[in-house]
Amino acid sequence: MAFCRPDLRAVISLLPVLLMLVLAAEVRAAEEPTVDFANDVRPVLARRCYACHGPTVQEADLALHDFESATSETESGIRPIIPGDAENSEIIYRITETDPDLRMPPPEQEPLTEEEVRILRTWINEGAEYNQHWAFQPLSQVSPPAGSENQHPVDAFINAQLDDAGIRPAPPADRATLIRRLYYDLTGLPPSPEDVEAFVNDPAPDAYEKRVDKLLASPQYGERWARHWLDVVRYAETNSFERDNAKPNAWKYRDYVIDAFNSDKPYDQFLREQLAGDELDEVTRETLIAAGFYRLGIWDDEPADPLLARYDELDSIITTISQGMLGLTVNCARCHDHKIDPISQADYYSMLAFLDELTPYGTRGNPDEYSQVDVSNETLRAKYAENERQLRELRDQMHTIEQEGIVKMSAEDQRATEGNRRKRILNQKLEQYLDSRTWETYQELKAREKELIDEQKQLPPRETVMSIAQVRQDIEPTRIMLRGNPHVPGDVVQPAFPDLFGDGSPEFVEVNSPSGSNGKRRALAEWMTDEDNMLTARVMANRIWQHHFGRGIVRTPNNFGLLGAPPTHPDLLNWLAQAFMEGGWKMKPLHRLIVTSDAYRRSSQHVEASWQADPNNDLFWRFDLRRLSAEEIRDSVLAVTGTLNLKTHGPSFYPELSQEVLSTQSKPGYGWGKSSEAERNRRSIYIFIKRSLIPPELASFDFPDTDVTCEARFITIQPAQALAMINGEFLNDQADTFADRLRREAGDDVSAQVSRGLQLVTTREPDEQDIADGLQLIEELKTEHGLSEENALKYFCLYALNLNEFLFVD
């Protein structure tokens with residue numbers, strides 16, 4: 001048999017053509033955008049499809065939440081998804097159909113956008129691969145991108161994505177801008193002009209790093225960062241509802257959080273103390289205060305449905321724990337299985353079973369019964385206990401004698417002794433119905449009662465803290481409540497972790513708790529702070545990043561689930577969580593790591609091409625300008641006017657409120673105290689937070705709703721803010737004080753007053769034009785509006801305090 005041998009020269013001559021064809025195919029493949037299931041596809045399916053065709057509901061026998069269901073034939077014989085063949089997949093046919101009777105979603109909902117259709121079509125053509133949601137995957141060991149050994153590790157991740165996207169970052173911020181940014185981010189206070197000048201002129205190569213360490217070591221750091229945590233745990237000092245009565249000693253929890261940040265308490269310990277502070281091996285005053293976390297929520301002292309109120313209170317705690325610490329919306333499964341995330345109703349009630357022994361905040365007759373714990377020394381507690389024992393026994397004897405006389409009284413008087421007239425009736429008539437010896441005994445008992453009361457008054461005051469004083473001893477098995485209705489109990493469940501974690505049953509240890517608890521909350525705390533927990537470290541690392549950059553790597557800090565925003569830099573987030581745990585869960589090293597990166601030190605300068613490619617700054621090519629928070633504005637005003645009182649800790653103070661504001665309560669002014677001027681000049685974190693009466697200087701600037709966990713505050717620019725800054729009593733009073741400071745420090749020279757005022761407000765040396773504008777304003781106020789020099793300077797100060805350069809961090 002003869003074989004044809006190809007002409008070698010002909011083959012060689014075709015090689016360039018073949019190479020061009022291969023390259024063209026590669027270019028076409030590269031030009032076709034690929035999609036990622038977890039980041040691109042699942043969010044579309046979750047938003048637009050899962051409500052009717054997801055894990056809970058499968059209308060028309062169609063489910064799209066997993067590969068097997070989505071690619072199998074339905075009862076009608078269709079295959080929703082045919083991997084590799086989008087055009088013959090039923091899902092593509094339905095979402096692109098123009099007939100409203102056939103199109104999906106149905107006509108009452110918006111159709112999918114062109115981009116959403118493209119994502120699904122591309123994904124199906126690429127094989128319709130399903131992979132696990134990113135947040136439900138274990139933390140994997142991540143290293144900075146190869147070839148980045150000489151870069152800061154944070155920048156290695158950030159710059160790699162910028163390079164891939166062809167985006168040029170903004171240049172570095174100048175030193176004056178950078179140091180102001182750093183002061184606000186770490187302490188919530190502005191630097192003085194002298195601080196800025198010293199840093200700008202410091203030639204030391206480690207000048208910035210030294211300043212970072214100094215600010216992290218300052219007491220003001222804890223005050224700044226504690227406020228972020230207080231938002232998460234919905235901190236307030238009253239109970240809400242109609243009476244909105246105070247929560248005694250709530251401020252001690254606030255001070256505990258401040259101290260925890262300042263001492264760099266490991267985050268895992270920080271969580272364990274709050275979740276199980278009364279169940280730890282070593283229960284201390286500090287850990288009992290931490291367990292006051294459970295008493296922070298709203299409480300109705302007179303609910304129409306007491307059983308529902310109890311489950312509402314527990315739901316608030318579950319919501320705060322699951323969203324604030326795990327980034328999961330477990331609360332969405334209270335009434336039914338979660339519509340989107342793999343969290344069942346059984347998961348919800350199994351988590352509630354860890355908490356079922358918790359008592360409510362109080363009772364109508366004794367609001368402090370379950371929430372106040374005596375932490376005085378043992379000797380003092382023993383003295384009080386003995387005194388109260390004697391009083392109790394004595395009063396029992398007195399009550400027995402009183403009843404002997406009461407049964408002999410008229411029916412009318414007997415009824416009167418059942419109400420608030422009892423004491424008066426007894427004083428007037430009891431002697432008439434007792435024999436002389438019994439009456440004498442009664443008088444001796446009354447005299448001894450007075451002695452015991454006087455003895456108690458002579459004892460040193462007891463210290464109490466808000467915590468868990470008692471737990472429920474009559475616990476019934478926890479049941480799934482059908483449709484969330486506590487009056488319709490279903491199957492019994494045991495304490496268990498959500499199935500998606502795959503961690504099996506909890507292990508309980510015996511605890512010696514002063515509250516009498518059984519250790520279930522400790523098991524929950526140990527599981528949540530275990531390094532194998534895939535969410536706890538990620539969630540907190542994301543929060544720390546969020547408060548440095550204005551938004552998290554995950555833009556939905558309380559929701560890492562399927563409807564949450566996917567991470568813009570997943571490897572960076574995993575690496576930060578990893579570094580966080582390897583550093584002993586300490587937060588200060590993580591701050592230091594982030595703020596020393598080039599990404600943090602970039603300017604907010606506009607780069608047109610970069611903005612066109614990434615208008616939302618998802619890739620952190622620049623630093624985002626932000627408005628100061630409510631507390632930062634108030635504290636900065638006090639700092640600039642020279643009246644800021646840096647006293648730390650202690651009971652909260654009450655800002656002065658107008659009668660118009662006080663009248664917004666059902667009982668105008670009820671529960672609002674009066675503080676000295678020195679106290680009113682303290683930092684805003686020490687303001688008494690009354691749920692029904694948030695001071696306007698906080699409320700107008702997006703102070704969070706204290707009834708629910710707050711993942712991120714709204715940042716609005718709206719008219720009420722301008723009115724507060726121009727017409728508000730606080731700002732006008734502070735403008736007067738500011739003017740007094742300028743007269744003291746700059747004398748009678750108006751030009752010097754203007755220069756010093758602008759220097760204090762902007763933390764930089766004003767230029768000639770700035771000074772000229774200020775002088776012109778003062779002159780116009782005097783000549784055109786007839787103001788005195790004193791009032792003209794005051795309104796210049798008010799103008800200065802309204803400058804954008806003061807109200808925004810660049």
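The rules we used
- Residues numbered from 1 in each chain as written.
- Predicted model: local features only at pLDDT ≥ 70, side-chain atom pairs only at ≥ 80, totals over all residues.
- Heavy atoms only, no water.
- Helix = DSSP H or I, 4+ residues; strand = E, 2+ residues; numbered from the N terminus.
- Buried < 20%, exposed > 50% of the residue type's maximum accessible area, 1.4 Å probe, protein only.
- Contact = heavy atoms within 4.5 Å.
- Areas by Shrake-Rupley, 256 points an atom, 1.4 Å probe, with all protein chains shown as cover.
- Lys, Arg positive; Asp, Glu negative; His and termini not counted.
- Charge placed at Lys NZ, Arg CZ, Asp CG, Glu CD.
- Salt bridge = Lys/Arg side-chain N within 4 Å of Asp/Glu carboxyl O.
- Patch = residues over 30% accessible without salt bridge, like charges linked within 9 Å, V, L, I, M, F, W, Y side chains within 5 Å.
- Phe/Tyr/Trp six-rings, centres within 6.5 Å; stacked < 30°, edge-to-face > 60°.
- Core = buried A, V, L, I, M, F, W, Y, C linked by side-chain atoms within 4.5 Å.
- pLDDT = per-residue confidence, 0-100.
- Expected span 1.5 Å × (residues − 1).
- Axes fitted to C-alpha atoms, helices over the stretch in contact; angles between N-to-C directions.
- Left-handed = near helix turned anticlockwise from the far one by under 90°.
- Nonpolar A, V, L, I, M, F, W, Y, C, P; charged D, E, K, R; others polar.
- Parallel < 35°, antiparallel > 145°, perpendicular 65-115°, else oblique.

Colleague: Got a minute to help me understand the overall build of the protein chain in this structure?
Modeller: Along the protein chain, the regular secondary structure elements total 35 helices and 6 strands. By its C-alpha atoms, the protein chain is 140 × 85 × 50 Å across when sized along the principal axes. Residues classed as buried in the protein chain amount to 50% of the 810 residues present. At a minimum sequence separation of 6, the contacts of the protein chain that also span at least 24 residues come to 70%. Per element, the accessible surface of the protein chain, about 38,400 Å² overall, is 51% carbon and sulfur. Between the averaged position of the 86 positive side-chain charges in the protein chain and that of its 136 negative side-chain charges there is a distance of 6 Å.

Colleague: Where do I start with the pattern of salt bridges in this structure?
Modeller: Any two side chains of opposite charge can pair if their charged atoms end up close together. For the structure shown, the criterion picks out 58 salt bridges. A salt bridge links Arg334 to Asp312, with the shortest nitrogen-to-oxygen separation between them at 2.9 Å. Of the two residues, Arg334 sits in the loop between helix 15 (306–326) and helix 16 (345–352) while Asp312 sits in helix 15, which places them 22 residues apart along the sequence. Take Asp312: its relative accessible area is 35%, and that puts it in the partly exposed class. When the shortest N-O distance is used, the salt bridge between Glu656 and Arg680 registers 4.0 Å. Highlighted residues: Glu656 in the loop between helix 26 (630–641) and helix 27 (659–662) and Arg680 in helix 28 (residues 677–680), separated in sequence by 24 residues. Residue classification places Arg680 among the buried residues on the basis of a relative accessible area of 19%. The network of salt bridges with shared partners includes Asp185, Arg224, Arg626 and Glu632.

Colleague: I keep staring at a negative patch on the surface and nothing clicks. Help me out?
Modeller: A cluster of acidic residues, Asp503, Asp530, Glu531, Asp532 and Glu582, forms a negative patch at the surface. Of note, Asp503 is situated in the loop between strand 4 (489–492) and helix 21 (520–528). Looking at Asp503, the relative accessible area reads 37%, which means it is partly exposed.

Colleague: How should the packing of aromatic side chains be read in this particular structure?
Modeller: One pair of aromatic rings is described through two measures. These are the centre distance and the angle between the planes. On inspection of all chains with the given rule, the structure shows 35 aromatic pairs. Taking the centre distance of 6.5 Å and the plane angle of 70° together, the rings of Tyr221 and Phe261 count as edge-to-face. In this pair, Tyr221 sits in helix 11 (residues 219–232) while Phe261 sits in helix 12 (residues 250–262), placing the two residues 40 residues apart along the sequence. Comparing Tyr221 with Phe261, the two get one shared label, buried. Relative to Trp672, the ring of Tyr654 lies with its centre 5.1 Å away and its plane at 80°, an arrangement referred to as edge-to-face. In this pair, Tyr654 sits in the loop between helix 26 and helix 27 while Trp672 sits in the loop between helix 27 and helix 28, placing the two residues 18 residues apart along the sequence.

Colleague: When you look at the nonpolar core in this model, what are you seeing that I'm missing?
Modeller: The nonpolar side chains of a soluble globular protein tend to be buried, and buried together. Within the largest apolar cluster, 187 residues are counted, with the highest numbers of intra-cluster contacts made by Leu45, Trp123, Trp229 and Tyr253. With sequence-adjacent residues up to four places away left out, Leu45 is seen in contact with Phe37, Tyr50, Leu64, Ile91, Leu120, Trp123 and Tyr130. Of all hydrophobic cores here, the second largest spans 15 residues; its members include Leu391, Met398, Leu445 and Leu452.

Colleague: Looking at this structure, I do not really get the confidence of the model for the protein chain. What am I missing?
Modeller: Regions with low pLDDT carry predicted coordinates that are not meant to be interpreted in detail. With 96% of its residues at a pLDDT of 70 or more, the protein chain shows a mean pLDDT of 92. In the predicted structure, residues 1–6 sits below a pLDDT of 50 and forms 1 contact with residues beyond four places in sequence or in another chain. Note that pLDDT drops below 50 for residues 21–32; the model gives that stretch 0 contacts with residues more than four away or on any other chain.

Colleague: Teacher, can you tell me more about helix 7 (residues 153–165) here?
Modeller: Spacing of three or four residues puts side chains on the same side of an α-helix, whose turn is 3.6 residues. Compared with the 18 Å implied by 1.5 Å per residue over 13 residues, the 19 Å span of helix 7 between its first and last C-alpha is a close match. Here helix 7 has its buried residues at Val154, Asp155, Ala156, Phe157, Ile158, Asn159 and Leu162. At the exit of helix 7 stands Gly166, carrying a positive phi of roughly 65°.

Colleague: What should I look at first to understand the environment of Thr284 in this one?
Modeller: The topology assignment puts Thr284 in the loop between helix 13 (267–276) and helix 14 (285–290). With a relative accessible area of 26%, Thr284 lands in the partly exposed category.

Colleague: Looking at this structure, how should I read the environment of Glu73?
Modeller: By secondary structure assignment, the location of Glu73 is in the loop between helix 4 (67–71) and helix 5 (90–96). It is 63 Å that separates the C-alpha atoms of Glu73 and Phe806, two residues lying 733 residues apart in sequence.

Colleague: Got a minute to help me understand helix 34 (residues 789–800) in this structure?
Modeller: Helix length check: helix 34 (12 residues) gives 16 Å between terminal C-alpha atoms against 16 Å at 1.5 Å per residue, within 8%. Of the residues making up helix 34, those classed as buried are Ala792, Leu793, Lys794, Phe796, Cys797, Leu798 and Ala800. Tucked inside the fold, the buried residues of helix 34 contact helix 30 (719–727), helix 31 (729–746), helix 32 (750–762), helix 33 (768–783) and helix 35 (804–807).

Colleague: Can you help me understand the packing of helix 10 (residues 207–216) against helix 24 (residues 587–595) in this one?
Modeller: Geometrically, a packed helix pair is captured by the angle between its two axes and the distance between the axes. Look at helix 10 against helix 24: their axes get within 11 Å of each other, and the N-to-C directions meet at 150°. At the point where helix 10 passes helix 24, the crossing takes the right-handed sense. Counting all contacts with helix 10, which are made through Tyr208, Val212, Asp213 and Leu216, the residues of helix 24 involved are Lys588, His591, Arg592 and Val595. Here the contact of helix 10 with helix 24 is composed, by residue class, of 4 nonpolar, 1 polar and 3 charged.

Colleague: Just checking my understanding: could you explain the packing of helix 2 (residues 37–48) against helix 6 (residues 114–125) for this structure?
Modeller: Taken N-terminus to C-terminus, the directions of helix 2 and helix 6 make an angle of 120°; their axes are 10 Å apart at the nearest point. Taken together, the axes of helix 2 and helix 6 are oblique relative to one another. In this structure, helix 2 meets helix 6 at a crossing whose hand is left-handed. Only Glu116, Ile119, Leu120 and Trp123 of helix 6 make contact with helix 2, whose side of the interface consists of Phe37, Asp40, Val41, Val44, Leu45, Arg47 and Arg48. Among the residues forming the contact of helix 2 with helix 6, the class breakdown is 7 nonpolar, no polar and 4 charged.

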